[in-house]
Amino acid sequence: MTSKVKFLISKTPVTAEKGTKLEDVVKIMASMNIGSVIITDKEKPVGIITERDIIRALAKGIPLTEKIEKVGTMDLITVFEDDSIYTAAEKMNKYNIRHLVVIDKEGNFKGVISIRDLIRESYVLKALANVSQEEWLGSD
C-alpha cells in the first residue's frame with residue numbers, strides 16, 4: 001500500500017496573514033525554531049515564506065518592515081492529502097522546494113509537510129528506495 005501525504009503531517013502549521021511585517025515573521029520563526037510560515041488571506045493559504053526567502057530579501061536590502069507577501073512565494077505549490085509520498089517527493093524535486101502545503105480535494109488547508117518529514121520516517125525512505133525508475137520521474 002502506498003503511503004499517503006496526510007500521514008506525514010505532524011505539526012499544526014504556523015501561519016501569518018498578508019500584511020504582516022517581515023520582522024514579526026522572523027521573530028516567530030526564531031522563537032518556534034521553524035523554517036517556514038504559511039501566508040494566509042482570511043485564513044486561506046495563499047503563499048509561503050521560508051528562511052531562504054528572508055535571506056534573499058536581506059541580501060537585496062529589503063527592510064524588515066516590508067510585508068511578507070512582497071518577500072515570500074505567492075505561487076503556492078500544493079499536494080493533496082491523499083496523494084502518495086512519491087507525488088510529494090516528485091514535486092519537491094521538480095520545483096526545488098522543501099515544503100509543500102497539503103490540501104484536501106475541496107481545497108481546504110490541511111497542513112504542511114517538509115523534506116524532513118519525508119526523510120524522518122524510515123518506512124518512507126524504504127518506499128522511495130523501492131520505486132522503479134518509471135515511477136520516479138524527474139529524479140537524478
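Analysis parameters
- Residues numbered from 1 in each chain as written.
- Predicted model: local features only at pLDDT ≥ 70, side-chain atom pairs only at ≥ 80, totals over all residues.
- Heavy atoms only, no water.
- Pairing = 2+ DSSP bridges.
- Helix = DSSP H or I, 4+ residues; strand = E, 2+ residues; numbered from the N terminus.
- Axes fitted to C-alpha atoms, helices over the stretch in contact; angles between N-to-C directions.
- Contact = heavy atoms within 4.5 Å.
- Buried < 20%, exposed > 50% of the residue type's maximum accessible area, 1.4 Å probe, protein only.
- Arc of directions from axis to C-beta.

As recorded in an unreviewed UniProt entry, the protein goes by the name CBS domain-containing protein, listed as coming from Acidianus infernus.

Draft legend 1. The arrangement of the sheet that holds strand β3 (residues 44–50) in detail. Taken in spatial order, the 3 strands of this open sheet run β1-β2-β3, and their pairing is mixed. Two strands in the sheet have a free side with no partner beyond their single neighbour: β1 (15–17) and β3. The average undirected angle you get between the axes of adjacent strands in this sheet is 35°. Across 6 bridges, the pairing between strand β2 (residues 36–41) and β3 is antiparallel. Bridge pairing in β3 links Ile 39 to Gly 47. Packed on one face of the sheet, helix α1 (residues 22–32) meets β1, β2 and β3 and runs near 75° to β3.

Draft legend 2. Geometry of helix α3 (residues 85–95). Within α3, the full set of buried residues consists of Ile 85, Tyr 86, Ala 88, Ala 89 and Met 92. Burial along α3 is one-sided: seen end-on, the buried residues are contained in an arc of 160°. With its phi angle positive at about 55°, Asn 96 sits one or two positions after the end of α3.

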